[in-house]
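Survey of secondary and tertiary structure
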Amino acid sequence: MTSDLKPKDCDNQKKRGEPSTRPHREELGFVPPDGGWGWVVCIASLWVNGLVFGILNSYGIIYVPMLKIYGTNDPNISFKTSWVGSVTIGMTFLMSIFASILADRIGIRKVGCFGALLSTVGLLSSAFVTKLELLYLTYGILIGVGGAFIYSPSLVILGHYFKKKMGLVNGLVSFGSALFSVSFSQILPVLIERVQLKNTLLILSGLEATMVFCALTWKPVLVKETAMSQLTLSSESIYEHVHDCCSWTKKYLNVDIWKNKGYVIWALSCGISLFGYFVPFVHLIKHTQDLFSVEKAPFILMSIHITSGISRLVFGKLADHPNISRIRLQQMAFFGFGTVTMLIPFLPSFYWLIGACLCMGIFDGIFICLLGPIAFDIVGPSKASQAIGFLLGLFSVPLMCGPPVAGFLYDKMRNYNIAFHIAGTTPILGSLIMFFIPKITQTLPAVTQVDEFAAVSLTDMRAPQENRPVKSSNVDVIIVKPQDYREPMLINHDLELKEIQTEQHESPEDQLLNNKEKSEKEANSIHS
């Protein structure tokens, strides 16, 4: 595999030792192999995504036995227990963008292993908790933060190994979450019935521990040398590192995107829609057991996850059609999801409820697969990662608050009728707000969410003077020292390639003139 990472056509590329203002990745010897060890990385990322979102999406199954265990003579038990799963998903979304930044600063493997261990400890300790309030820490915060710290690196590492096959890899990794969600919806009820909730959580903690081994397979192709030992008491080196951290903060926590009217309206509409979005995932199992059948309840979530996985693949491809508006497609998904949610209390039988869940899964898949492409279309390539990061942080608030409100209404009314009506109203309201988004030009083909996360780790660098690959058993590792890179940014391959071609096509006279001007400027600076 190591030979695949080396440039094959040396005549068309600049020498590795020559400085360049903004080199293409291949000039640094960084050519994604699109195979080989990358497939091991892809399978590991699939496993991680499946476990993280499989557990998140299956909280509705765990929620029911928690009510029985912790709800002795407590009239507000539904409200209190809903907060456990809400905190988990809220922390996962809130911490994802920070986890992706830390993966670049500290290391993909280190952050991934830390997240896997944190999730394992969270599930393991939750099995021995006797008070519901402690679950907010063990199941909510520990699993949520741990999930974010293992989930984001699982996407970042894909950019190190894939470029041409990124679409295929994106589909495989996304398929993992749907596969595990469907599997858990059938396996968890059986485990809870046979070995009780405590032992079920212990089994899940063992599965979470396997993510440590997955993170160890994520061997970065592009490694940045931090050289923290060189800080000592040198004021110059300290200034450089502080300036580097400030550049990162400015780049990824830049609030300029909030000046974009289209992005503000889109973010507002999504935030309002998601207030009631997660309510069916938490409370639909309990609603089914109350009205229809306890044995058939697990098929509810399975129906949603199956059609959601299929919908992501179908509508992700359909979004590339130039005559289809992605914003209108997502708007339709919000409206449809809200309408079906509002109709749940009126469904006369279990089979009608299954049909409603199949429709909800289709709308869910449309919403998820279009997040990345719409962010790219609205704010452009240079700010797409920031847009998705802010959006995920914004999502954490409504996703965290919706289910507890539904639980509170159930405690007071002993049914979910009003809860589902309110939960369905918010996506419909969000879809109507999307009419105010200004007309935008779509990017074809669509840019996926995985591409955006993966781009976070690909920094905009100066070419090192001595940048020889360090061979390893798996890939060529390129070590880039701190003085060799500048402020990170989302790679725009077309612009970079044009700049490189411009430099390569300069005539000898132009090069001499540029060198003469540089020499004069250096002489004037030395004289002054």
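Higher on the page you've got the structure.
The rules behind these values
Chains are numbered independently. Their residues run from 1 in the order of the written sequence. The predicted origin of the model limits local features to residues at a pLDDT of at least 70 and limits the giving and counting of side-chain atom pairs to 80 or more, whereas totals for whole chains, interfaces and linings rest on all residues. Only heavy atoms go into the side-chain values, all of them from the structure, while hydrogens and water stay out. Under the scheme used here, helices are H or I runs from DSSP no shorter than 4 residues and strands are E runs no shorter than 2 residues, and both carry numbers assigned from the N terminus. Working definition: with a 1.4 Å probe on protein chains only, accessible area under 20% of the residue-type maximum means buried, over 50% means exposed, and in between means partly exposed. Note on areas: Shrake-Rupley with a 1.4 Å probe; residue coverage comes only from the protein chains shown. Counting rule for disulfides: a pair of cysteine sulfur atoms within 2.5 Å. Two aromatic rings from Phe, Tyr or Trp, using only the six-membered ring of Trp, form a pair when their centres are within 6.5 Å; if the ring planes differ by under 30 degrees the pair is stacked, by over 60 it is edge-to-face, and anything between is tilted. Contacts described as polar in this section are N or O atom pairs within 3.5 Å, which, within protein, must combine one atom able to donate a hydrogen with one able to accept it, while residues neighboring in sequence count only if both atoms come from side chains. Only heavy atoms enter the contact rule, under which two residues are in contact if any of them lie within 4.5 Å. Here the axes come from fitting lines to C-alpha atoms, over the contacting stretch only for helices, and the angles between their N-to-C directions go from 0 to 180 degrees. An angle counts as roughly parallel when it lies under 35 degrees, as roughly antiparallel when it exceeds 145, as roughly perpendicular when it falls between 65 and 115, and as oblique in every other case. Left-handed describes a crossing whose near helix is turned anticlockwise from the far helix by less than a right angle; the clockwise case is right-handed. In the scheme used here, Gly and all other residues not listed as nonpolar or charged are polar, with Ala, Val, Leu, Ile, Met, Phe, Trp, Tyr, Cys and Pro taken as nonpolar and Asp, Glu, Lys and Arg as charged.

Another aspect to go through is the overall build of the protein. Secondary structure summary: the protein contains 19 helices and 3 strands in total. Each of the 528 residues in the protein was classed as buried or not, and the buried ones make up 55%. Carbon and sulfur atoms provide 65% of the accessible area of the protein, an area that totals close to 23700 Å².

For the rest of this paragraph, the subject is the state of the cysteines. All chains considered together, the criterion is met by 0 disulfides. Free cysteine cysteine 357: the closest other cysteine sulfur is in cysteine 359, separated by 9.2 Å.

Applying the stated rule across the entire model yields 21 aromatic pairs. Judged by centre distance (5.8 Å) and plane angle (70°), the rings of tryptophan 258 and phenylalanine 390 are edge-to-face. With tryptophan 258 in the loop between helix H8 (235–252) and helix H9 (261–273) and phenylalanine 390 in helix H15 (residues 384–413), the pair connects residues that are 132 residues apart, well separated along the chain. Classification of phenylalanine 390 by relative accessible area gives partly exposed; the value is 21%. Considering the side-chain rings of tyrosine 277 and phenylalanine 367, the 5.3 Å spacing of their centres and the 55° angle between planes classify their relative orientation as tilted. Of the two residues, tyrosine 277 sits in the loop between H9 and helix H10 (279–291) while phenylalanine 367 sits in helix H13 (residues 350–369), which places them 90 residues apart along the sequence. The exposure class assigned to tyrosine 277 is buried, which follows from its relative accessible area of 6%. In textbook terms, an aromatic cluster arises when at least three aromatic residues are bridged by ring pairs, as seen for Phe93, Tyr277, Phe278, Phe281, Phe334, Phe337, Phe367 and Phe395.

Secondary-structure assignment places glutamine 331 in helix H12 (residues 326–343). The class of glutamine 331 is buried, set by a relative accessible area of 6%. Engagement of the side chain of glutamine 331 in a polar contact is seen with the side chain of arginine 328, the distance being 3.3 Å. With residues near it in sequence (within four places) discarded, glutamine 331 still touches Ser431, Met434 and Phe435.

For the pair H12 and helix H14 (residues 371–379), the least separation of the axes is 10 Å and the interaxial angle reads 135°. By the angle class used here, H12 and H14 are oblique. Regarding H12 and H14, the two cross each other, and that crossing is left-handed. Contacts from Arg326, Ile327 and Gln330 of H12 reach H14 at Leu371, Pro373, Ile374, Asp377 and Ile378. Split into classes, the residues belonging to the contact of H12 with H14 amount to 5 nonpolar, 1 polar and 2 charged.

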